[in-house]
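Next come the chains, spelled out residue by residue.
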Amino acid sequence: QVQLVESGGGLVQPGGSLRLSCAASGSIFRINAMGWYRQAPGKERELVAAITIGGSTNYADSVKGRFTISRDNAKKTVYLQMSSLKPEDTAVYYCNADVVPSGMGLVGWDYWGQGTQVTVSS
């Protein structure tokens, strides 16, 4: 059983900062990668940032230079530090992980958190 739990969302003014956290728990053999997606009303879910277990990162062009993804492999936790927030960043942010569960072979499965709301507004 694998669960992802996000925290840290909220209401901030433009130019403000937030840090999102996502902790994975359960029977986990390996987490190949973790990342953050977001979905605004009426729009498709999009990748915001991702990080591999080795530390390689990938960012959407719209957030590059403003957001920083990091991880603590021992704690099975990924973070998204968001700075210089814009109204366009308003969305539900979902944690995603490619997880190899214990006792399930070596195939990775895609897991999603429940989502946390980020609202950037004056």
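Everything numeric in this text was worked out from a predicted model, so none of it was measured.

A. Structural detail: the side chain of threonine 77. Tracing the sequence through the fold places threonine 77 in strand β8 (residues 77-82). In contact with threonine 77, other than residues within four places in its own chain, are Cys22, Ala23, Met34, Ser70, Arg71 and Asp72.

B. Layout of the sheet that holds strand β3 (residues 18-26). What the 4 strands build is an open sheet, ordered β1-β3-β8-β7; its pairing is antiparallel. Lying at the two open borders of the sheet, with one neighbouring strand each, are β1 (2-7) and β7 (67-72). Across the sheet, the mean angle from the axis of one strand to that of its neighbour is 15 degrees, orientation sign disregarded. In the sheet, β1 pairs with β3 via 6 bridges, with the strands oriented antiparallel. Note on β3: the bridge partner recorded for glutamine 3 is serine 25.

C. Layout of the pattern of salt bridges. According to the stated counting rule, one finds 4 salt bridges in the structure shown. Here arginine 38 ties to glutamate 46 by a salt bridge, and the two come within 2.9 Å at their closest N and O atoms. The class of arginine 38 is buried, set by a relative accessible area of 6%. Across the pair aspartate 89 and arginine 66 runs a salt bridge whose closest N-O atoms are separated by 2.8 Å. Of the two residues, aspartate 89 sits in the loop between β8 and β9 (91-101) while arginine 66 sits in the loop between β6 (57-59) and β7, which places them 23 residues apart along the sequence. Residues participating in the shared-partner salt-bridge network are Arg38, Glu46, Arg66 and Asp89.

D. Fine view of the side chain of glutamate 6. Along the chain, glutamate 6 falls in strand β1. In this structure glutamate 6 is buried but unpaired, with arginine 45 as the nearest side chain of opposite charge at 7.9 Å. For glutamate 6, the side chain forms a polar contact with the main-chain nitrogen of glycine 115, separated by 3.0 Å. Glutamate 6 has contacts with Ser21, Cys22, Trp36, Tyr93, Tyr94, Cys95, Gly113, Gln114, Gly115 and Thr116, leaving out every residue within four places of it along the chain.

E. Just the nonpolar core, in detail. Formed by 31 residues in total, the largest nonpolar core has its most connected members in Met34, Trp36, Leu80, Met82 and Tyr93. Secondary-structure elements contributing two or more residues to this core are β1, β3, β4 (28-39), β5 (46-52), β7, β8, β9 and β11 (116-120). Residues in contact with leucine 80, not counting those within four places in the same chain, are Leu18, Arg19, Leu20, Trp36, Val48, Ala49, Phe67, Thr68, Ile69 and Tyr93.

F. Just the environment of glycine 10, in detail. Here glycine 10 shows up in strand β2 (residues 10-12). Measuring from C-alpha to C-alpha, the distance between glycine 10 and valine 100 comes to 31 Å, with 90 residues separating the pair along the chain. Sequence-distant contacts of glycine 10, defined by excluding residues within four places in its chain, comprise Leu18, Gln117, Val118 and Thr119.

Rules used in this analysis
Residues numbered from 1 in each chain as written. Predicted model: local features only at pLDDT ≥ 70, side-chain atom pairs only at ≥ 80, totals over all residues. Heavy atoms only, no water. Helix = DSSP H or I, 4+ residues; strand = E, 2+ residues; numbered from the N terminus. Contact = heavy atoms within 4.5 Å. Pairing = 2+ DSSP bridges. Axes fitted to C-alpha atoms, helices over the stretch in contact; angles between N-to-C directions. Salt bridge = Lys/Arg side-chain N within 4 Å of Asp/Glu carboxyl O. Buried < 20%, exposed > 50% of the residue type's maximum accessible area, 1.4 Å probe, protein only. Lys, Arg positive; Asp, Glu negative; His and termini not counted. Polar contact = N/O pair within 3.5 Å; in protein donor to acceptor, adjacent residues only side chain to side chain. Core = buried A, V, L, I, M, F, W, Y, C linked by side-chain atoms within 4.5 Å.

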